[in-house]
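# Architecture and fold: a report
For reference, the chains in residue letters:
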Amino acid sequence: MERNTHPFRLRLNLFDIILLIVAVAVAGGLLWFSARSSQNDQQTPTASTVEYTVLFRRMTPGTSQLIQVGDSLVDTIKNYQLGTVLSIDIQPAVTQVLDQESKTYVDAVVEGYDDVYLTVSASCTQTDDSILVDGGYDLRVGQTTYVRGPGYMGSGPVISIERGE
């Protein structure tokens, strides 16, 4: 009995050819995008200082007395150093309510609560896209920050950032 050994022959139909062309195009596109993004990510970070303000809303009166200028603040989630307190501004708590007669929103004082504005100074690393406090905490306006100080905790949005030189 004779063995039938045929040499390997690649038989491709039209569907196989189209599928191979699409796969090669997708792989080439992924390589091109990854090479392009790695070139853009090579921004030079600069070390500097930043001052930012965090708003603690509706704190009970007297609680804000625990916060002192010079306190060292820490992020409660990942334990990043957030800087030191430069100033504290205590204002009556304000919220917006709908005025039914004029159909507009107006500010109204919330009795029994205070809004506390903490101005914090921290060393940071800056690029064009981000500010990294303590080498890893990404600081952005509007972001809720969870803060722990000596004897107190609070959370609130970052309402302003001033970059140092």
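Residues numbered from 1 in each chain as written. Predicted model: local features only at pLDDT ≥ 70, side-chain atom pairs only at ≥ 80, totals over all residues. Heavy atoms only, no water.

### A few points about the pattern of salt bridges
Worth spelling out the cut-off: Think of a salt bridge as a Lys or Arg side-chain nitrogen and an Asp or Glu carboxyl oxygen that are within 4 Å of each other. Using a 1.4 Å probe on the protein chains alone, a residue whose accessible area is under 20% of its type maximum counts as buried, one over 50% counts as exposed, and one in between counts as partly exposed.
For the coordinates displayed, the defined rule picks out one salt bridge. Asp138 serves as the salt-bridge partner of Arg140, at 3.0 Å between the closest nitrogen and oxygen. Judged by relative accessible area, which is 41%, Arg140 ranks as partly exposed.

### Considerations on unusual backbone geometry
The condition is simple: For helices the rule is a DSSP run of H or I covering at least 4 residues; for strands it is a run of E covering at least 2, with both sets numbered from the N terminus onward.
With a phi close to 60°, Asn79 is a non-glycine residue in the positive phi region. For Asn79, the location among the structural elements is in the loop between strand S2 (72–75) and strand S3 (81–99). Classification of Asn79 by relative accessible area gives partly exposed; the value is 48%. We note that Lys103 has phi near 60°; this positive angle belongs to a residue other than glycine.

### Thoughts on the domain arrangement of the protein chain
To keep things clear, this is the line we draw: Domain extents, as shown, originate in an automatic or database domain assignment.
Domain boundaries assigned for the protein chain yield domain 1 (12–42) and domain 2 (46–161). Inter-centroid distance (C-alpha atoms) of domain 1 to domain 2 is 46 Å.

### Digging into the nonpolar core
Stated formally: Residues grouped as a nonpolar core are buried Ala, Val, Leu, Ile, Met, Phe, Trp, Tyr and Cys residues, joined through side-chain atoms within 4.5 Å. We call two residues contacting when some pair of their heavy atoms lies within 4.5 Å.
Val50, Tyr52, Phe56, Leu73, Leu118, Val133 and Leu139 are the most contacted members of the largest nonpolar core, which has 21 residues in total. Breaking this core down by element, the ones donating at least two residues are strand S1 (46–59), S3, strand S4 (104–126), strand S5 (131–133) and strand S8 (152–163). Contacts of Tyr52, omitting those with residues within four sequence positions, involve Leu82, Leu118, Thr119, Val120, Ala122, Leu139, Val158, Ser160 and Ile161.

### Some points on the pairing of strand S7 (residues 144–149)
Condition: For two strands to be treated as a pair, DSSP must find no fewer than two bridges joining them.
Here S7 shows a clear split, with Thr145, Val147 and Gly149 buried on one side and none of Thr144, Tyr146 and Arg148 buried on the other. Sheet topology note: the S7/S8 ladder contains six bridges and is antiparallel. Bridge pairing in S8 places Val147 opposite Gly154. The hairpin formed by S7 and S8 contains two residues between the paired strands, and Gly151 there has a positive phi angle of roughly 95°.

### Observations concerning the side chain of Ser64
Along the chain, Ser64 falls in the loop between S1 and S2. Contact partners of Ser64, with chain neighbours within four places excluded, come to Met59, Ile90, Asp114 and Val116.

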